[in-house]
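So you can see what is in the structure, the chains are spelled out below.
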Amino acid sequence: MSRDRQLRIGVTDLLHRPGTRREVRRSVRVGGLEVSSAAVPDDAEIDIDLVVESTADPGTLTITGHLRVPWVGQCRRCLGAIEGDLDVEVLEVAARHPDDEDIWALQGDELDLSEMVREAALLALPIAPLCDESCRGPVPDEFPARPAGEAADDAGPADGGRRDERWAALDDLRFDA
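Asks: Can you break down the overall build of the protein residue by residue, with the values?
Replies: Tallying secondary structure elements over the protein gives 2 helices and 9 strands in all. Reading the protein from its N end, one meets helices and strands in the order β-α-β-β-β-β-β-β-β-β-α. When the 177 residues of the protein are sorted by exposure, 32% land in the buried category. Put simply, 58% of the contacts in the protein that link residues at least 6 apart link residues at least 24 apart.

This is the structure in structure tokens:
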């Protein structure tokens, strides 16, 4: 059953006339799309620009076109917030009686594009996005990690970092050949 009624289209006329085309242009909200560090915001709209065309094979349709998918995420190096738009190409086939798991099933004389759009958008989301190709990420020498609440000018060992006393026993180890 379709989550979004806007994405169900009647295809009776297409199925009975090979070569017939229908353009599908819509903007819809499709929530819940998220991968490790990128997501489509719940309030964002995905722009759909598709052409559904009947083929010479009875009961079969091709779906081609593009989706514009807005996304937000976190840079994998500097952890800064980033956002962008993806242009996702769609090349799919739907049939009344699909004989392959890669072919979408028609539901009577309707084509439900909701799962197709969700899947295409989800697969296009960047798994490990970068804010910029030249992003160097955090620089430990310039910005050392410190426990929460510790000031940057706290005095520590001569090497500039705080010493964790739990590792002090390792100072007594000697490796003689």
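Asks: Kindly report on helix H2 (residues 114-124), identifying the contributing residues and their values.
Replies: The set of residues buried in H2 consists of Ser 114, Met 116, Val 117, Arg 118, Ala 120 and Ala 121. As for H2, its buried residues are in contact with strand S5 (45-54), strand S6 (60-74), strand S7 (81-95), strand S8 (104-105) and strand S9 (110-112).

Asks: How would you summarise the nonpolar core if you had to cite specific residues and measurements?
Replies: Within the largest apolar cluster, 37 residues are counted, with the highest numbers of intra-cluster contacts made by Ile 46, Ile 63, Leu 67, Leu 111 and Leu 113. Setting aside anything within four residues of it in sequence, one finds Leu 111 in contact with Leu 7, Arg 8, Ile 9, Val 11, Val 52, Leu 61, Ile 63, Ala 94 and Leu 106.

Asks: Any details on the pattern of salt bridges? Residues and values, ideally.
Replies: Enumeration over the complete set of coordinates arrives at 10 salt bridges. Taking the shortest distance from any N to any O, the salt bridge between Arg 68 and Asp 47 comes out at 2.7 Å. Of this pair, Arg 68 sits in strand S6 while Asp 47 is found in strand S5, placing the two residues 21 residues apart along the sequence. Taken together, the salt bridges that share partners define one network made up of Arg 8, Glu 110 and Asp 112.

Asks: Mind laying out unusual backbone geometry, listing which residues take part and the relevant values?
Replies: Backbone geometry places Leu 79, a non-glycine residue, at a positive phi of 65°. Relative to the helices and strands, Leu 79 is located in the loop between S6 and S7.

Asks: Summarise a negative patch on the surface; cite the residues concerned and give the values.
Replies: A cluster of acidic side chains, namely Asp 57, Asp 99, Asp 100, Glu 101, Asp 102 and Glu 119, defines a negative patch on the protein surface. Here Asp 102 shows up in the loop between S7 and S8. Take Asp 102: its relative accessible area is 57%, and that puts it in the exposed class.

Asks: Account for the pairing of S7, naming residues and giving values.
Replies: In terms of strand pairing, S6 meets S7 through 15 bridges, oriented antiparallel. By the bridge assignment for S7, Thr 62 is matched with Val 93. From the end of S6 to the start of S7, which pair antiparallel, there are 6 residues, and Leu 79 there has a positive phi angle of about 65°. Alignment of S7 against S8, held across 2 bridges, turns out to be parallel. Paired with Ala 94 across the bridge in S8 is Trp 104.

About the thresholds
- Residues numbered from 1 in each chain as written.
- Predicted model: local features only at pLDDT ≥ 70, side-chain atom pairs only at ≥ 80, totals over all residues.
- Heavy atoms only, no water.
- Helix = DSSP H or I, 4+ residues; strand = E, 2+ residues; numbered from the N terminus.
- Buried < 20%, exposed > 50% of the residue type's maximum accessible area, 1.4 Å probe, protein only.
- Contact = heavy atoms within 4.5 Å.
- Core = buried A, V, L, I, M, F, W, Y, C linked by side-chain atoms within 4.5 Å.
- Salt bridge = Lys/Arg side-chain N within 4 Å of Asp/Glu carboxyl O.
- Patch = residues over 30% accessible without salt bridge, like charges linked within 9 Å, V, L, I, M, F, W, Y side chains within 5 Å.
- Areas by Shrake-Rupley, 256 points an atom, 1.4 Å probe, with all protein chains shown as cover.
- Lys, Arg positive; Asp, Glu negative; His and termini not counted.
- Charge placed at Lys NZ, Arg CZ, Asp CG, Glu CD.
- Pairing = 2+ DSSP bridges.

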